[in-house]
Amino acid sequence: MVELRKDVEFIGPVVTGFTPQGYKVGDQRFEQGLLISPEQALGWTAAGLDRLDLTEILSSLNLSPKPEFILLGSGASMLQPPAAFRREVEAAGIGLEVMDSRAAARTWGVLRAEERWIIGAFLPLA
């Protein structure tokens, strides 16, 4: 497992390390995908990049007000989600940033240190 910096103050949950397939948030391990907001971190068994469901993501995290954008971790490599998902996110008035899941998890910590009101949806690493 890889450990991340612990000398920075964060607001809410932050990814502190990686497991072979998933993530570590504080002392909790998430061996599959991860949904994360400024208020909570949840295990996520997404059907895959080609079957992302914005309604499921938003209702699982139940964040108010709605987030500025979704930080989407697409798995072990950077892959774009389907155009239909992008259109759905745009229609909801939410931005979308896509990168591989490890980069997204690291970026999450930087953006939360800036107190950005965002959510993360990180697919499994393997």
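The coordinates are above.
The model shown is predicted, which means the values in this text are computed figures rather than measured ones. One numbering rule holds for all chains: residues counted from 1, following each sequence as written. Under the rules for a predicted model, residues below a pLDDT of 70 receive no local features and side-chain atom pairs below 80 are neither given nor counted, while totals for whole chains, interfaces and linings still include all residues. Heavy atoms from the whole structure form the basis of all side-chain values; hydrogens and water molecules are not counted.

Participant: Mind showing me how you'd approach the packing of aromatic side chains here?
Facilitator: Aromatic ring pairs are reported here in terms of the distance separating the ring centres and the angle at which the planes meet. Aromatic rings from Phe, Tyr and Trp, with only the six-membered ring used for Trp, were paired whenever their centres fell within 6.5 Å, and each pair was classed as stacked if the ring planes differed by under 30 degrees, edge-to-face if by over 60, and tilted otherwise. By the definition in use, this model includes 2 aromatic pairs. Here the aromatic rings of Tyr-23 and Phe-122 are separated by 5.9 Å at their centres, their planes lie at 50°, and the arrangement is tilted. Linking Tyr-23 in strand S3 (residues 23–25) with Phe-122 in strand S9 (residues 119–122), this pair joins segments that are 99 residues apart in sequence. Take Tyr-23 and Phe-122: they sit in the same class, and that class is buried. Strands here mean DSSP runs of E at least two residues long; helices mean DSSP runs of H or I at least four residues long; both are numbered from the N terminus. Partly exposed describes any residue whose relative accessible area lies between the buried limit of under 20% and the exposed limit of over 50%, with all areas from a 1.4 Å probe on protein chains only and scaled to the type maximum.

Participant: It is not clear to me how the pairing of strand S5 (residues 33–36) should be interpreted in this structure. Could you clarify?
Facilitator: Within a regular beta strand, the side chains point alternately toward one face of the sheet and then the other, so they alternate between its two faces. Burial along S5 is two-sided: Gly-33 and Leu-35 and Leu-34 and Ile-36, pointing in opposite directions, are all buried. Strand pairing requires that DSSP identify at least two bridges connecting the strands. Here 4 bridges tie S5 to strand S6 (residues 41–44), and the two strands are oriented antiparallel to one another. Bridge pairing links Ile-36 to Ala-41 in S6. Linking S5 back to S6 in an antiparallel pair, the connection comprises 4 residues.

Participant: Sorry if this is basic, but what is going on with unusual backbone geometry here?
Facilitator: The phi angle of most residues is negative, glycine excepted, and most peptide bonds adopt the trans form. The linkage connecting Ser-64 with the following residue, Pro-65, adopts the cis geometry, with an omega of 0°. Mapping Pro-65 onto the fold places it in the loop between helix H1 (54–61) and strand S7 (69–73). A positive phi angle, near 45°, is found at Asn-62, a position not held by glycine. You can see Asn-62 is positioned in the loop between H1 and S7. The backbone of Glu-115 shows a phi angle near 60°, a positive value even though the residue is not glycine. Tracing the sequence through the fold places Glu-115 in the loop between helix H3 (101–113) and S9. By relative accessible area, which is 54% here, Glu-115 ends up exposed.

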